[in-house]
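One letter stands for each residue in the lines below.
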Amino acid sequence: MNAIVALCHFCELHGPRTLFCTEVLHAPLPQGAGNEDSPGQGEQAEEEEGGIQMSSRMRAHSPAEGASVDSSSPGPKKSDMCEGCRSLAAGHPGYISHDKETSIKYVSHQHPSHPQLFSIVRQACVRSLSCEVCPGREGPIFFGDEQHGFVFSHTFFIKDSLARGFQRWYSIITIMMDRIYLINSWPFLLGKVRGIIDELQGKALKVFEAEQFGCPQRAQRMNTAFTPFLHQRNGNAARSLTSLTSDDNLWACLHTSFAWLLKACGSRLTEKLLEGAPTEDTLVQMEKLADLEEESESWDNSEAEEEEKAPVLTEGIEGRELTQGPAESSSLSGCGSWQPRKLPVFKSLRHMRQVLGAPSFRMLAWHVLMGNQVIWKSGDVDLVQSAFEVLRTMLPVGCVRIIPYSSQYEEAYRCNFLGLSPHVQIPPHVLSSEFAVIVEVHAAARSTLHPVGCEDDQSLSKYEFVVTSGSPVAADRVGPTILNKIEAALTNQNLSVDVVDQCLVCLKEEWMNKVKVLFKFTKVDSRPKEDTQKLLSILGASEEDNVKLLKFWMTGLSKTYKSHLMSTVRSPTALESRN
């Protein structure tokens, strides 16, 4: 937690003073800090203890030292400090705790070394012991602003037999810039700070009672009632907190408590990514997974029934069937299943655009987005599968139908991505069709110039890619809006591949939302054509290519979404509202 916890005291001679503060350091200590500790000793200590390890290190300069403080350093001078205003003795190194899990250091000293932090803590100290107090002058309160930070302050009294009114005024403050975080931490801070205060008050009460038993101060003061109080005070009147509690390890204990408070308060509240409704891609994938599970269960049931009905076979027939099984399964795995390469040939859409060239890639991407059939002819199966793996990222999951590699042509209604071997003949009507694009991969004449064993980018240099279509996309054609945005992202070299992928996800979600609106408007509500044109203008998709894209993407909507809309429309409340 990026905060500062401080113990403050209202001195009768010098006013509000900061006694002890603990801050969080995420960066390494300033140069020169910890020079007096040998590295070997520090490493050995860290190896012996786990969690938060406390050690004593000499800082480069400390305002708490009083003497030998640089004039430019924040903090009061030695002449402005009494025993009640000073926590650590002159030359004390302060305390540092190392959190091995987060590599954070918790540093404690009398004042922050940074001038700006010193000013913030000083102002919070003054306000907590003067104007920002709760009724009774003892208890928690919240105050602050955006410029000087927000403060949780808890004021309390410590018994002192030599003080005016037999008590001294202290406060524990927590300062941070995040107001919401500090307010949400109020119950936690109140309970833990109250525990620290109770412990301090308990120790001081024992010392106070022992001193009153040995030398009662009330009767002595009554006898000297007419003597000015300030004149009768001796040098011990301004007593330190260690003297009031009779605890020489007080500051080390406070450092441990404050460091734990900062760590625990920062760990109890964590940020979580709140996901909204599942996307259409997620719903389609879930539906496909459910269909596969049902299909596998039906196959298992049918096989079990056939085994029960089948007669007992002889050993020869059994052996013959077992030998035929692997051959059938291998042929099916070669045609039906598709597992992409671990190291893809095409690494991304940007990589494919560089290999094919901008005009050819635009033509190919246009046909992909429009739902036309994309045919790749190549003898390299891995290259075809890698190309489909990259191109499918431009479409919703429900719009992708792939036959990765086939020995014969398949019609467009069966797949929009088709991989063919180079010897397969494509029907003439497909070659001249405006609803298909063909990418032929040929061996390049200069392939012999490259050394054997070249991989990845160099492996593509041995191929030539020819992209043809019966209806080539004109260079001056505007095209669908999403295609123009995709090309703008691919050509922007300031965007990494990961950022481009996220842009693509956002673009698909944007246009799938438009598809949902159009589906409900046309298929569910059955609005007239004129209203549909107005809706397309509002959606920014009135152009011809955008309309074709929306109609094709409508086929990728999940069954869950469609059934939900239809059930909502058919409900009695929906019918009454429409009437």
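Residues numbered from 1 in each chain as written. Predicted model: local features only at pLDDT ≥ 70, side-chain atom pairs only at ≥ 80, totals over all residues. Heavy atoms only, no water.

- Looking at an unreviewed UniProt entry, the protein carries the name Folliculin, with the source organism given as Rhinopithecus roxellana.
- Its UniProt record gives the protein the following Sequence similarities (unreviewed entry) comment, quoted word for word: "Belongs to the folliculin family." (UniProt positions renumbered as here; feature names shortened; annotations may be inferred.)

Comments concerning the pattern of salt bridges
- A complete count under the given rule lists 15 salt bridges for this structure.
- A salt bridge links Arg127 to Glu132, with the shortest nitrogen-to-oxygen separation between them at 2.9 Å.
- Taking the shortest distance from any N to any O, the salt bridge between Arg168 and Asp160 comes out at 2.5 Å.
- A residue is classified by how much of its surface remains accessible, and Asp160, at 1% relative accessible area, is buried.
- Linked through salt bridges whose partners overlap, the residues forming this network are Asp160, Arg168, Glu211 and Arg239. (Salt bridge = Lys/Arg side-chain N within 4 Å of Asp/Glu carboxyl O. Buried < 20%, exposed > 50% of the residue type's maximum accessible area, 1.4 Å probe, protein only.)

A word on the packing of aromatic side chains
- In this structure the tally under the stated criterion is 15 aromatic pairs.
- Arranged with centres 6.3 Å apart and planes meeting at 40°, the rings of Phe20 and Phe258 form a pair that is tilted. One end of the pair, Phe20, is in strand S2 (residues 15-25); the other, Phe258, is in helix H8 (residues 250-268), with 238 residues separating them in the sequence. Here Phe20 and Phe258 have matching classes, each one buried.
- A connected cluster of aromatic rings, assembled from ring pairs, spans Phe346, Trp376, Tyr463 and Phe465.
- Above the ring of Phe208, the side-chain terminus of Lys159 is found at 5.4 Å from the ring centroid.
- Above the ring of Tyr561, the side-chain terminus of Lys516 is found at 5.3 Å from the ring centroid. (Phe/Tyr/Trp six-rings, centres within 6.5 Å; stacked < 30°, edge-to-face > 60°. Helix = DSSP H or I, 4+ residues; strand = E, 2+ residues; numbered from the N terminus. Lys NZ or Arg CZ within 6 Å of the ring centre and 35° of its normal.)

With respect to the sheet that holds strand S10 (residues 402-406)
- With mixed pairing, 5 strands are arranged side by side in an open sheet as S10-S11-S9-S12-S13. The open sheet has two edge strands with one neighbour each: S10 and strand S13 (463-469). For this sheet the average axis-to-axis angle between neighbouring strands, irrespective of direction, equals 15°.
- In this structure, strand S9 (residues 373-377) lies alongside strand S12 (residues 436-443), joined through 5 bridges in parallel fashion. For Trp376, the partnering residue across the bridge sits in S12 and is Val439. (Pairing = 2+ DSSP bridges. Axes fitted to C-alpha atoms, helices over the stretch in contact; angles between N-to-C directions.)

Here we look at the nonpolar core
- Counting residues in hydrophobic clusters, the biggest one holds 61 residues, and the most contacted among them are Met352, Trp376, Leu391, Phe465 and Trp553.
- Of the residues forming this core, the biggest block, 10 residues, is contributed by helix H16 (residues 497-524).
- Built from parts of two domains, this core gets at least three residues from each of domain 2 (349-444 + 460-477) and domain 3 (499-569).
- Not counting residues up to four positions away in its chain, the partners in contact with Met352 are Phe346, Phe361, Leu364, Trp376, Ala387, Val390 and Leu391.
- Val5, Ala204, Trp251 and Cys265 belong to the second-largest nonpolar core, a separate cluster that totals 39 residues. (Core = buried A, V, L, I, M, F, W, Y, C linked by side-chain atoms within 4.5 Å. Domains from an automatic or database assignment. Contact = heavy atoms within 4.5 Å.)

Comments concerning the packing of H16 against helix H18 (residues 544-553)
- One way to put it is that H16 packs onto H18 with a least axis distance of 9 Å and a crossing angle of 80°. Classed by the angle they form, the pair H16 and H18 counts as roughly perpendicular. Residues Lys508, Trp511, Met512, Lys514, Val515 and Leu518 of H16 touch H18, and the partners they reach there are Asn546, Leu549, Leu550 and Trp553.
- Residue composition of the contact of H16 with H18, grouped by class: 7 nonpolar, 1 polar and 2 charged. (Parallel < 35°, antiparallel > 145°, perpendicular 65-115°, else oblique. Nonpolar A, V, L, I, M, F, W, Y, C, P; charged D, E, K, R; others polar.)

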